[in-house]
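# A look at the structure
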Amino acid sequence: MEQTDWIAIYKEIFPFWEEISREDQEEICRNSHNAAYQKRTHVHDGNECSGVILVRTGSLRLYMMSEEGKDITLYRLQKGDLCMLSASCVLSSITFDVFVDAEEDSTCLVISGPVFSAVSERNPAMKIFALETAVSRFSDVMWVMQQILFMSMDKRLAIFLADESARTGSDMITLTHGQIARYMGSAREVVSRMLKYFAKEGIVEVSRKGVKILDRKRLRSLTI
């Protein structure tokens, strides 16, 4: 990709772009590259400074992992979303490890973390943008924590199914019980038991293809 192509993209996504010097703009462009990730592959492993990632196509999942290997999904990134937590060298105040996987075949634009960090040190507007971008995602993280700590399992599952249906635009949730459990930070057995209850109540239909929502109104009532 030509430098002029990078500039066009960065003018659109970075509000600080016109405030930094031409030299810094060129430095960022020289240290940018396209990356393709296959479904279920790792994009960022913990505390490595993989870089600032912009999702062009596909979907990425950010999660934390316990010492026992249990993971909790924090949020997901779709087309046009920017990931700052994968560049730990940019945000030194982020002291926990965040992992990123490709949920589906994805293409991304990646800016070198060390270069982005160095340029941001010379440009306060750029550093503020990086912090604001990271902080804006913490509302998503707190929502996940609130569900895990304070909500009943039936409400959590209803919210997940409703959100997933809205995200995909379909009543069919093509995920296994294990995948749903991983996204929710729960156990597969617990999810299976609750889905069985939902199916018995006529709210969903469970099959090998996934979970189909039958009674959207009833499902919504459980989320309140």
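Remember, predicted model here, so these are calculated numbers, not experimental data.

Turning our attention to the pattern of salt bridges. In total, this model carries 14 salt bridges according to the counting rule given. Note that Glu189 is salt-bridged to Arg188, the shortest N-O span being 3.6 Å. One salt-bridge network, held together by shared partners, links Arg76, Glu103, Glu164 and Arg167.

What follows is about the sheet that holds strand E6 (residues 82-83). Remark on secondary structure: sheet strands pair via backbone hydrogen bonds, oriented parallel or antiparallel. Taken in spatial order, the four strands line up as E1-E8-E3-E6 in an open sheet, and their pairing is antiparallel. Each end of this open sheet is capped by a strand with a single partner; those strands are strand E1 (32-37) and E6. Pairing of E1 with strand E8 (residues 106-111) involves six bridges; the strand directions are antiparallel. Its bridge partner lying in E8, Asn34 is registered against Leu109.

Before going further, it helps to examine helix H6 (residues 153-168). For H6, spanning 16 residues, the distance from its first C-alpha to its last is 22 Å, which sits close to the expected 22 Å at 1.5 Å a residue. For H6, the set of buried residues is Met153, Arg156, Leu157, Ala158, Ile159, Phe160, Leu161, Ala162, Glu164 and Ser165. Downstream of H6 by one or two residues, Gly169 has phi in the positive range, about 70 degrees.

Tallied over the entire structure, the rule returns zero disulfides. Cys29 carries a free sulfur, and the closest cysteine sulfur to it, the one in Cys108, is 18 Å from it. Overall, the relative accessible area of 4% leaves Cys29 in the buried class. Free cysteine Cys83: the closest other cysteine sulfur is in Cys108, separated by 9.1 Å.

Our next topic: the packing of aromatic side chains. The description of an aromatic ring pair rests on the distance of the ring centres and on the angle between the ring planes. The final tally for this structure, using the stated rule, is 11 aromatic pairs. Taking the centre distance of 5.3 Å and the plane angle of 25 degrees together, the rings of Tyr10 and Phe14 count as stacked. For the residue pair Tyr10 and Phe14, the accessibility class agrees, reading buried in each case. Its end group placed over the ring of Tyr63, Arg61 keeps NZ or CZ at 4.2 Å from the ring centre. Over the face of the ring belonging to Tyr183 we find Arg76, whose NZ or CZ atom lies 4.6 Å from the ring centre.

Cut-off values and rules
- Position numbers for residues count from 1 along each chain, tracking the sequence in the order it is written.
- Reporting of local features is limited, given that this is a predicted model, to residues whose pLDDT is at least 70; pairs of side-chain atoms are given and counted only at 80 or more, and all residues count toward the totals for whole chains, interfaces and linings.
- In computing side-chain properties, one takes all heavy atoms of the structure into account and sets aside hydrogens as well as water.
- Whenever a carboxyl oxygen of Asp or Glu lies within 4 Å of a side-chain nitrogen of Lys or Arg, that contact is scored as a salt bridge.
- A pair of strands is labelled paired if DSSP reports no fewer than 2 bridges between them.
- Counting from the N terminus, the helices are the DSSP runs of H or I reaching at least four residues and the strands are the DSSP runs of E reaching at least two.
- How far a helix is expected to stretch is found by multiplying one less than its residue total by 1.5 Å.
- Accessibility here uses a 1.4 Å probe with only protein chains present; expressed as a share of the type maximum, an area under 20% marks a residue as buried, one over 50% as exposed, and anything in between as partly exposed.
- In what follows, a disulfide is any cysteine sulfur pair within 2.5 Å.
- We call Phe, Tyr and Trp rings a pair once their centres come within 6.5 Å, taking the six-membered ring for Trp, and we label the pair stacked below 30 degrees between planes, edge-to-face above 60, and tilted otherwise.
- Note on geometry: a ring has a charge over it if NZ (lysine) or CZ (arginine) is within 6 Å of the ring centre and within 35 degrees of the ring normal.

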